[in-house]
Amino acid sequence: MSALVNEVARIISNEPIGPRLHLMVLESPTIAAKVTPGQFVHMKVPGAPDHILRRPFSIYSRNANEGSVEILYQEVGTLTRFMPSLKEGDAELIGPVGNTWTGARRYKDGSCTHALLVGGGVGAAPLFMLAEQLKEAGCPTDVVLGAQTKEALVCRARYEALFGCEPSCATDDGTYGRAGFCTSLVEERLSQGCLSDGKPYDYLAVCGPEPLMKIVAGMGAQAGVYTELSMEKRMACGIGACLSCVVDTTMGKKRSCVDGPIFKAEDIVWG
Amino acid sequence: MSALVNEVARIISNEPIGPRLHLMVLESPTIAAKVTPGQFVHMKVPGAPDHILRRPFSIYSRNANEGSVEILYQEVGTLTRFMPSLKEGDAELIGPVGNTWTGARRYKDGSCTHALLVGGGVGAAPLFMLAEQLKEAGCPTDVVLGAQTKEALVCRARYEALFGCEPSCATDDGTYGRAGFCTSLVEERLSQGCLSDGKPYDYLAVCGPEPLMKIVAGMGAQAGVYTELSMEKRMACGIGACLSCVVDTTMGKKRSCVDGPIFKAEDIVWG
Amino acid sequence: MRQPRQTNVKLAVDLGGLHMKNPVTTASGTFAAGHEYSDFVDVSKLGAVTTKGVSLNGWSGNASPRIAETPSGMLNSIGLQNPGVKHLLEHDLPWLREVGATTIVNVSGHSFDEYVDVIEALDESGLVDAYEVNISCPNVDAGGMTIGTDPKSVEQVVGMCRKATKLPMIVKLTPNVTDITEIAKAAVSAGADALSLINTLLGMAIDIERRKPQLARYVGGLSGPAVKPVALRMVWEVHKAVDVPLLGMGGIGTGADAVEFMLAGATSVAVGTANFTNPTATVDVINGIIDYCENHGVGDVNELVGALQ
Amino acid sequence: MRQPRQTNVKLAVDLGGLHMKNPVTTASGTFAAGHEYSDFVDVSKLGAVTTKGVSLNGWSGNASPRIAETPSGMLNSIGLQNPGVKHLLEHDLPWLREVGATTIVNVSGHSFDEYVDVIEALDESGLVDAYEVNISCPNVDAGGMTIGTDPKSVEQVVGMCRKATKLPMIVKLTPNVTDITEIAKAAVSAGADALSLINTLLGMAIDIERRKPQLARYVGGLSGPAVKPVALRMVWEVHKAVDVPLLGMGGIGTGADAVEFMLAGATSVAVGTANFTNPTATVDVINGIIDYCENHGVGDVNELVGALQ
Ligand SMILES: Cc1cc2nc3c(=O)[nH]c(=O)nc-3n(C[C@H](O)[C@H](O)[C@H](O)COP(=O)(O)OP(=O)(O)OC[C@H]3O[C@@H](n4cnc5c(N)ncnc54)[C@H](O)[C@@H]3O)c2cc1C
Ligand SMILES: Cc1cc2nc3c(=O)[nH]c(=O)nc-3n(C[C@H](O)[C@H](O)[C@H](O)COP(=O)(O)OP(=O)(O)OC[C@H]3O[C@@H](n4cnc5c(N)ncnc54)[C@H](O)[C@@H]3O)c2cc1C
Ligand SMILES: Cc1cc2nc3c(=O)[nH]c(=O)nc-3n(C[C@H](O)[C@H](O)[C@H](O)COP(=O)(O)O)c2cc1C
Ligand SMILES: Cc1cc2nc3c(=O)[nH]c(=O)nc-3n(C[C@H](O)[C@H](O)[C@H](O)COP(=O)(O)O)c2cc1C
Ligand code: FES
Ligand code: FES
C-alpha cells in the first residue's frame, strides 16, 4: 500500500443528482494521482465540529490532470444529510485508503476473461473506476445496476457512455428496466454468459447493501465464479489502527479499512 | 418587561471595523421595534453546534424601519473568534433582554440634568442608544471613550456625528486623544463639569471592563453623582431562569440578565 | 408561545402515581418555576414543570463564575441558590396552579431533617403534584459527601421523606457512582415511587491564560448532549434493576433523544440544558415524540417504554 | 510526516522513572503500535507510543457494530481485540525500537495471573520502556466486575504486577467509580510508579429506527472531547490525593487541552480519539504545548504541572 496523505481538499462543487443523492467534487491532487479502483477517502466533513468522526466515501471517479476526485453520496444519517448544505469550504481527506479490485490484474494474468459488475444503489459508484480499468485493458465486461427508482439510477449514463451500451438495469418500482431487485438480472447473466460472446464470467465484483451482496455472493459461489465484494463498516480511524471496522472472515476478524474494503466473497463469514 | 421573542435573524452583513472588532447587522424586526437602550440579545451563533450556549451582545443600534439591529463585537474567545467567518446564515436571537439605562427617564422627571457617558472598549456600543435618547430629549450630554489604540476607537465617529462634536478620547498607546486610561478624562470631566455649561453632572453611565467600571463608580460616588453600570456576566439561559449570571449586590445576588444588566453603582458589592 | 401540536397519539403517562399529560417535564434548575419561559412555551401543556431545587430557608449559592461551556456541554456550580420554601409557596406554586401546570417540586437539604422540613412545609398546600427528592446535595449528615453515593444514607433520607408525604415521590439519583443500580434499589426499597436520573456528572475546566479554574468552585456539574450516552446507559441499567417508573434526563434536546430514553426504559423525560440553547425545546421535544409515534405507527407512547430490542 | 518543531523550551518529563522527550504519548487502543500512523507523524518524536492493550494469547474482541458517534464523542466496544503478546514481541515492539520510539505497553488480563503472565513474557525482551496496566478490564477474579472499581482487587493485581517487573509501571484507572482517589491510593500503595487516567466512561446509544442499541454489546466506552471535563476533574482530584506523577487523558486534541491537564496535575498526557479526527493530532498537541510555553515565558514544561492557582 502506498503512503497515505491527509489532504486539505477544497469543495469544487456539490450538487444534487437524484433522490437523496449528491455528487461532490473535491480538489485533492495527491489522492487523485494515486487512487486505484475500489479505494476510498476518509473525510472530515467541514462545519460539523460536534461530529468528531470522519466518514468514508469511495472514489467514484478522479481527474488526475485536474487533481480532483468525485464522490457520490446518499443521505442516510446526520452528516450525509448535512453535507448538501456545503457550498464551499475545505474538507480533509485521508486517502487513498484500502485495497483494490483485482479484476484488471486478473485479466492480465489470465484468471479473468469475462467480468460482471453488480452495483446496488450508490454501490454503483465504487465499481466505476474498475469498469474503466477493465474496458481499457480490453476485458469483456457487463454491468448490472439496481436502484429504487429511475431517478436513483444516477450512474447509468456514465456506464453507458463508457461501454457504448446500456448496463442491465432494475428498479424496485419498475420505473426503469426490469421491475424488482437486480438479483434476477444477475441470475440471468450468470446463466446466459457474457453479452458479447455468451462465454461464462469468471470474475464477479459486487458493491451495494450487505443483503444484496450476500445474495449475489451466493449466486457467484453456485456458478463457480470468483467473486469480490466491498464491505462497508463503521470506521473510526480509517487507517487500520482502531479495530472498529472488523469483518468476520474465515481467517478471523479483518479490518475492512485496510485489509479491505475489497474481500473475496468466499472468505466472508456472514453474520 | 415586555415579552421576549426568539427570532430567527438573517445575517445581513458582518464586517471587520477595527483590531479584532466587527460589526454585525441582523434582520430582526421584532427586536428592532422593541429594544430600549442598554438591552441585549442572546444569540445562538450559527454553524457552531458543539457550542450549546448562546452569547449575549448588546444592541449597538437598531433601524426599526428596516427591521435590523447592529451589534459590535470583539474577538475574545472561541465563538467571537469564529463569528467573523459567518458571511451568511441565520442566527437566533432571544431579545430584547434586560432593563434599560434610566438617563432619559431621569431627564424627564428632572433628576438628571447633565449626563456623562463613559465607554471603555466595546463598552462604547451599549451606550450609543442612550446617547441618542438623551440627545433627542435635549439633555446636555458628554461622552468619554477609551480604547487601546486609535484604530480601536471605532464608535468615535458615530458619537461625533450624533452630537456634532468629538467625544473626549483616550488611548492606551497614545495614538489618539489623551494617552493612557480614560479614567483621567472622567476625573477631569467630573471636576470641571459639563462641557456646554460647566454645570456638574448628575447622571453617570458606564460600560466597559469591570476594573474600569469599578474605578469610575468610585469617582462617581466621590463626586456624589448618580451612577449606573452595565454588568456583563457569563450567561446560560439569558432570561432569568438559571442563576448563572448573578451579581453580588447590597440586596443579595441579582441576575444580571433580567434584574440588570444595568445596575445602580452604589448597589454593587465588588468582588 | 409555542404549543404541542394536535395528534391522535395517546401521550399521557403515569409516573409513579403522577399523571402527566405527556412524557415531558423540565429538568430542575434549568427552568426556574416556568414563568421565565412562558413567553416561549405554554407551560400548562407540558407533562409537568419541575421547579428549581428548594431548601427550607433558602441558600445564596456559590461564588461566580458559576458556569463554563465545554464541548457539547456545560458545567454549572450554581450551588442550589434558592429563596426558600416560603417564597416558592407564595409566588411560584400559585402561579403554576393558576396557569394549569402540573407541578413537581425538587427538594434539597443540607441535612436529612431539612428534606423532611421542606416536604412538610409544602405537603398541605395542595399546590404540589409530586416531589423530586434530589439526593445529590453535599450533605452534612453524610459527612460532607453527597448522600446519593451511599446506599445507607439514601435509604435513610428517602425513608424519612416517605413518611412525610403520600404524594408521588420521585428520587433523583447522581451518576457519580460506581454502581447506579445499587443506589436505585436502596431508594426503591425505602419507598420511592419513581426514580429520576441523571443529575450532573462532576467535571472541571481550566482557563489556561489565567491558570485558574473556569468555575469559582473549581468543580461543577456537567450537563448537555455530551452526557447523553452516560445517562442513557444508566437509565437502561436501572430499568433492568428496579420495578418503578423512571424519569430520564441528560442531554435531551429533540424528540429523537427523548425516544432513545423511552426505549431504554424511561416513562417520562426531562429537558434541561437544551432550554438554554433553544427556549422552545420542551415543546419541540413533545412535538418530536409525536412525529416519531405517528411515523412509526405508535398509538400510545407507553408502547415505547423499555421497548429496546 | 509531521514533526514537532524546534524550540528552546525544555520538554522532557519523567513519568515515574520513564524518561519522555516530551509529555505526549498516545492513548492505548487508538494508535495500534504506531505503524499505521507513521505516514502522518514521526512516532519516534513522540514522548512515547502506548500500544493497544495486549493479553497473553490474544482475544477476538466483541461483535460489530463496535463504535457509534455521540455529541463531541464516540462509544467503542472493541473488546480488547489483540493478537496476543507473542505477536507484539515479534512484530510491533521491534519496529518501535528500530524507529527509535519510546514504548509503553498497555497490559490486559481476564484474570490476575494473566496480567503477570503478560508482563513476564515481555520483561526480558528489552523492548519495553514502561508498562501501563489497564485495570478496567472485566475480570473473572473480580467476579466479572471491572477490577478497577474495587480497591482490594486493585491492590492485589497491582501488587502482583509489581513483583513481576522493575520497569516503570503506570496503572490506568477507570472513571466509572464513586471516588477515584480511593482507587488511586490503592494502586499507589501496591507499588504503582505513576497513574494514568481516564479510561472511557460507560455509555450507550440507541438507533430509534431499528429500536436497537448502536453497539452490538449494548454499552461501550465514551471518549473524546465530551469527556474532557470529567477527566480533568479526576486528574485534579488524584493529583491532590497521591504523590506519584500522572498521565492525563480524555478528549485531548490540542495543545491548549494538554496544558489544561498539566495545570490540573498531569506530568504527561495521551492523545486518543483525536487521532481519528486528525491523524497528526499527537504532533499538533506537542507543537501547541510549545506555542503555549513560548508565549507565556515557560522555559520548562515541568513548571506547568499542577500549577493551577
Ligand atoms: C469503505 C466505505 C465506502 C463508502 N462509500 C460510500 C459512497 O461512496 N457513497 C455513500 O453514500 N456512502 C458510502 N459509504 C457509507 C457512508 O460512509 C455512510 O453512509 C456515512 O458514513 C453515514 O454518515 P451519516 O453521518 O450520514 O450517518 P450516521 O448518522 O452516522 O449513521 C446513519 C447510518 O449510517 C451507518 N453508518 C454510519 N457511519 C458509517 C460508516 N463509517 N460506514 C458505513 N456506515 C455507516 C450507521 O450504521 C447508521 O445506520 C461508504 C462506507 C465505507 C465504509
Ligand atoms: C449583557 C452582555 C452584553 C454584552 N455585550 C457585548 C457586546 O456588545 N460586544 C461584545 O463584544 N461583547 C459583549 N459581551 C461579552 C460577550 O458576550 C462575550 O465576549 C462572549 O460571550 C465571549 O464568547 P466567546 O465564545 O468568544 O468566549 P469564550 O471562549 O466563551 O470565553 C472567553 C472569555 O469570555 C468570557 N465570557 C464567556 N462567555 C461570556 C458571557 N456570556 N458574558 C461575558 N463574558 C463571557 C469568559 O469568561 C472568558 O474569559 C456582552 C456580555 C453580556 C453579559
Ligand atoms: C444550571 C443548572 C442548574 C441545576 N440545578 C439543579 C437543581 O437545583 N436540582 C437538581 O436536582 N438538579 C439540578 N440540575 C441538574 C438538571 O436538573 C439535570 O439533572 C442535568 O442538567 C442533566 O440534564 P440536561 O443535560 O438535560 O441538563 C441543574 C442543572 C443545570 C444545568
Ligand atoms: C477505539 C478505542 C480503543 C481503546 N482501547 C483501549 C485499550 O486497549 N486499553 C486501554 O487501556 N484503553 C483503551 N482505550 C481508552 C483510551 O486509551 C483512552 O483512555 C480513552 O479513549 C480516553 O481518551 P481520549 O478521549 O483521548 O480517547 C480505547 C479507546 C478507544 C476510543
Ligand atoms: S477504522 Fe480503524 S481499523 Fe478500520
Ligand atoms: S443567565 Fe440564566 S439567570 Fe441570567
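Residues numbered from 1 in each chain as written. Chains lettered and ligands numbered in written order. Predicted model: local features only at pLDDT ≥ 70, side-chain atom pairs only at ≥ 80, totals over all residues. Heavy atoms only, no water.

Engineer: What should I look at first to understand the overall build of chain C in this one?
Structural biologist: Along the backbone of chain C there are 8 helices and 16 strands. What you see for chain C is a C-alpha radius of gyration of 18 Å, in line with the 19 Å of a compact globule of 309 residues. Sorting the 309 residues of chain C into buried and exposed places 66% on the buried side. For chain C, the accessible surface area stands at approximately 9900 Å², while carbon and sulfur atoms represent 48% of it. Taking the 22 positively charged and 33 negatively charged side chains of chain C as two groups, their mean positions are separated by 4 Å. (Helix = DSSP H or I, 4+ residues; strand = E, 2+ residues; numbered from the N terminus. Rg over C-alpha atoms; globule rule 2.2 N^0.38 Å. Buried < 20%, exposed > 50% of the residue type's maximum accessible area, 1.4 Å probe, protein only. Areas by Shrake-Rupley, 256 points an atom, 1.4 Å probe, with all protein chains shown as cover. Lys, Arg positive; Asp, Glu negative; His and termini not counted. Charge placed at Lys NZ, Arg CZ, Asp CG, Glu CD.)

Engineer: Can you walk me through the site of ligand 2 in this structure?
Structural biologist: Residues and elements named next belong to chain B. Neighbouring ligand 2 are 18 residues; Pro 56, Leu 72, Leu 79, Thr 80 and Arg 234 lie closest to it. Here an oxygen atom of ligand 2 sits 2.7 Å away from a polar atom, N or O, in the main chain of Pro 56. Contact distances for ligand 2 include 2.8 Å between an oxygen atom and a side-chain N or O atom of Thr 78. Contact with the protein chains hides 81% of the accessible area of ligand 2, taken as 850 Å² for the molecule alone. Contributions of two or more residues to the shell around ligand 2 are made by β4 (55-58), β6 (68-74) and α2 (78-82). It is β4 that contributes the most residues to the shell around ligand 2, 4 residues altogether. The residue inventory of the shell around ligand 2, partitioned by class, reads 9 nonpolar, 5 polar and 4 charged. (Near = heavy atom within 4 Å. Polar contact = N/O pair within 3.5 Å; in protein donor to acceptor, adjacent residues only side chain to side chain. Nonpolar A, V, L, I, M, F, W, Y, C, P; charged D, E, K, R; others polar.)

Engineer: What is the right way to read the sheet that holds strand β11 (residues 201-204) of chain C from this model?
Structural biologist: The strands making up a sheet associate through hydrogen bonds between their backbones, and the pairing can be parallel or antiparallel. What the 4 strands build is an open sheet, ordered β5-β6-β14-β11 (chain C); its pairing is antiparallel. Of all the strands in the sheet, the pair left with one neighbour each is β5 (67-70) and β11 of chain C. Each strand of the sheet is rotated relative to its neighbour by a mean of 40°, with strand direction disregarded. With 3 bridges connecting them, strand β6 (residues 73-76) of chain C and strand β14 (residues 219-223) of chain C associate as antiparallel partners. Within β14 of chain C, the position partnered with Met 74 of chain C by the bridge is Ser 223 of chain C. Each of β5, β6, β11 and β14 of chain C touches helix α5 (residues 228-241) of chain D; the most contacted strand, β11 of chain C, lies at about 75° to it. (Pairing = 2+ DSSP bridges. Axes fitted to C-alpha atoms, helices over the stretch in contact; angles between N-to-C directions. Contact = heavy atoms within 4.5 Å.)

Engineer: Honestly, the pattern of salt bridges in this entry has me stumped. Any pointers?
Structural biologist: Any two side chains of opposite charge can pair, on the condition that their charged atoms come close. All names here are of chain D. Inspection of every chain in the model, using the stated rule, returns 46 salt bridges over all chains. The closest approach of N and O atoms between Asp 129 and Arg 97, which form a salt bridge, is 3.2 Å. Taken as a pair, Asp 129 in the loop between α2 (112-123) and β8 (130-134) and Arg 97 in helix α1 (residues 85-99) lie far apart in primary sequence, 32 residues in all. Looking at Arg 97, the relative accessible area reads 30%, which means it is partly exposed. (Salt bridge = Lys/Arg side-chain N within 4 Å of Asp/Glu carboxyl O.)

Engineer: Just checking my understanding: could you explain empty space enclosed by the protein for this structure?
Structural biologist: Where empty space is left can be seen by rolling a probe of water-molecule size over the atoms. Taken as a whole and assessed by the stated rule, the structure comprises 4 cavities of 30 Å³ or more. A volume near 110 Å³ is recorded for the largest cavity. Around the largest cavity sit 14 residues that line it, and Pro 175 and Leu 201 of chain C together with Pro 175, Asn 176 and Leu 201 of chain D are the ones nearest its centre. Where the lining of the largest cavity is concerned, the elements lending two or more residues are α5 (228-241) of chain C together with α5 of chain D. For the lining of the largest cavity, the residue count by class is 10 nonpolar, 2 polar and 2 charged. One number sums up the size of the second largest cavity: a volume of about 50 Å³. As for the second largest cavity, its lining consists of Gly 121, Ala 124, Leu 145, Gly 146, Ala 147, Ala 152, Leu 153, Val 154 and Cys 155 of chain A. A class-by-class count of the residues in the lining of the second largest cavity yields 7 nonpolar, 2 polar and no charged. (1 Å grid on protein atoms, 1.4 Å probe; cavity = no way out; pocket = protein on both sides within 12 Å on 5 of 7 lines; lining within 4 Å. Points joined across faces, edges and corners; volume = space filled by probe spheres on them.)

Engineer: Sorry if this is basic, but what is going on with the environment of Ile 135 of chain D here?
Structural biologist: Residue and element names in this part refer to chain D. In this structure, Ile 135 sits in the loop between β8 and α3 (151-164). Classification of Ile 135 by relative accessible area gives buried; the value is 0%. Residues Ile 135 and Gly 272, 137 residues apart in the sequence, show an inter-C-alpha distance of 18 Å. When near neighbours in sequence (up to four residues on either side) are disregarded, Ile 135 contacts Tyr 115, Thr 146, Ile 147, Gly 148, Val 154, Val 157, Val 171, Lys 172 and Leu 173.

Engineer: What is the right way to look at the interface of chain C and chain D in this model?
Structural biologist: Interface extent is often summarised as the accessible area lost during association of the parts. Contact residues are listed per partner, giving 42 residues for chain C and 42 residues for chain D. Put simply, chain C and chain D have 0 salt bridges between them. The tally of links between chain C and chain D comes to 16 residue pairs in polar contact (both at pLDDT 80 or more). Residue composition of the side of chain C that touches chain D, grouped by class: 28 nonpolar, 8 polar and 6 charged.

Engineer: Would you explain the sheet that holds strand β2 (residues 21-27) of chain B in this entry?
Structural biologist: Residues and elements named next belong to chain B. An order of β4-β3-β7-β1-β2-β6-β5 is seen for the 7 strands of this open sheet, with the pairing classed as antiparallel. The two strands at the open ends of the sheet, each matched to only one other strand, are β4 and β5 (61-63). Across the sheet, the mean angle from the axis of one strand to that of its neighbour is 35°, orientation sign disregarded. Summarising the sheet, strand β3 (residues 40-44) and strand β7 (residues 90-97) pair through 4 bridges and their orientation is antiparallel. Note on β7: the bridge partner recorded for Met 43 is Leu 93.

Engineer: Any chance you could explain unusual backbone geometry here in plain terms?
Structural biologist: Trans peptide bonds make up most of the peptide bonds, and negative phi angles are found at most residues other than glycine. A cis amide bond links Ser 64 of chain C to the next residue, Pro 65 of chain C, at an omega of -5°. Mapped onto the secondary structure, Pro 65 of chain C falls in the loop between β4 (49-50) and β5. A cis geometry characterises the amide bond from Leu 197 of chain D onward to Ile 198 of chain D, with omega recorded as 10°. Relative to the elements of secondary structure, Ile 198 of chain D occurs in the loop between β10 (194-197) and β11 (201-204). Although it is not a glycine, Arg 20 of chain B adopts a positive phi angle of roughly 55°. Among the structural elements, Arg 20 of chain B can be located in the loop between β1 (5-18) and β2.

Engineer: Explanation requested: helix α6 (residues 183-192) of chain B in the structure shown.
Structural biologist: Quick reminder: α-helices carry 3.6 residues per turn. Residues three or four places apart thus point the same way. Residue and element names in this part refer to chain B. Every buried residue of α6 is accounted for by Thr 183, Leu 185, Val 186, Arg 189 and Leu 190. Down the axis of α6, the buried set is contained in an arc of 155°. They therefore lie on one face. Looking one or two residues past α6, Gly 193 carries a phi angle of roughly 85°, positive in sign. (Arc of directions from axis to C-beta.)

Engineer: Sorry, what's going on with the site of ligand 1 here?
Structural biologist: All names here are of chain A. Close contacts around ligand 1 come from 18 residues, with Pro 56, Leu 72, Thr 78, Thr 80 and Arg 234 the closest. Contact distances for ligand 1 include 2.9 Å between an oxygen atom and a side-chain N or O atom of Arg 55. A total of 840 Å² of accessible area belongs to ligand 1 in isolation, and the protein chains cover 82% of it. Of the residues forming the shell around ligand 1, the biggest block, 4 residues, is contributed by strand β4 (residues 55-58). When the residues that make up the shell around ligand 1 are grouped by side-chain class, the tally is 9 nonpolar, 5 polar and 4 charged.

Engineer: Whenever I open this one, helix α1 (residues 85-99) of chain C confuses me. Can you help?
Structural biologist: All names here are of chain C. If you check α1, its first and last C-alpha atoms are 20 Å apart, about what 15 residues at 1.5 Å a residue would give, namely 21 Å. Turning to α1, its buried residues number three or more, namely Val 85, Leu 88, Leu 93, Trp 95 and Leu 96. Those residues of α1 that are buried are in contact with β4, β7 (103-107) and α2 (112-123). Once α1 finishes, Gly 100 follows within two positions and takes phi at roughly 90°, a positive value. (Expected span 1.5 Å × (residues − 1).)

Engineer: What am I meant to see in the domain arrangement of chain A here?
Structural biologist: All names here are of chain A. Along its sequence, chain A is organised into domain 1 (5-97) and domain 2 (103-230). Computed from C-alpha coordinates alone, the two centres of domain 1 and domain 2 are separated by 24 Å. Taken residue by residue, the interface counts 19 residues in domain 1 and 14 residues in domain 2. Carbon and sulfur atoms supply 67% of the area buried between domain 1 and domain 2, which totals about 1300 Å² over both sides. Considering only the surface of domain 1 that becomes buried against domain 2, Pro 37, Tyr 60 and Leu 72 emerge as the three largest contributors, covering 45% of it. Inspection of the region where domain 1 meets domain 2 yields 1 salt bridge. (Domains from an automatic or database assignment. Buried area = accessible area lost by both parts, 1.4 Å probe.)

Engineer: Would you explain the environment of Ala 3 of chain A in this entry?
Structural biologist: In this structure, Ala 3 of chain A sits in the segment before β1 (5-18). With 129 residues separating them along the chain, Ala 3 of chain A and Glu 132 of chain A place their C-alpha atoms 24 Å apart.

Engineer: It is not clear to me how the packing of α5 of chain D against helix α6 (residues 255-264) of chain D should be interpreted in this structure. Could you clarify?
Structural biologist: Helix packing for two helices is described by the angle between their axes and how far apart those axes are. Residues and elements named next belong to chain D. At a minimum axis distance of 8 Å, the contact between α5 and α6 shows a crossing angle of 25°. The orientation of α5 with respect to α6, classified from their angle, is roughly parallel. Facing Lys 228, Ala 231, Leu 232, Val 235, Trp 236 and His 239 of α5, the residues of α6 in contact are Asp 257, Glu 260, Phe 261 and Ala 264. For the contact of α5 with α6, a count of residues per class yields 6 nonpolar, 1 polar and 3 charged. (Parallel < 35°, antiparallel > 145°, perpendicular 65-115°, else oblique.)

Engineer: In this structure, what is going on with the confidence of the model for chain C? I would like to understand it.
Structural biologist: Detailed reading of predicted coordinates is not advised where the pLDDT is low. Confidence along chain C averages 96 in pLDDT terms, with 97% of residues attaining 70 or more. On the interface metric, ipTM, the complex scores 0.97, and its pTM is 0.97. (pLDDT = per-residue confidence, 0-100.)

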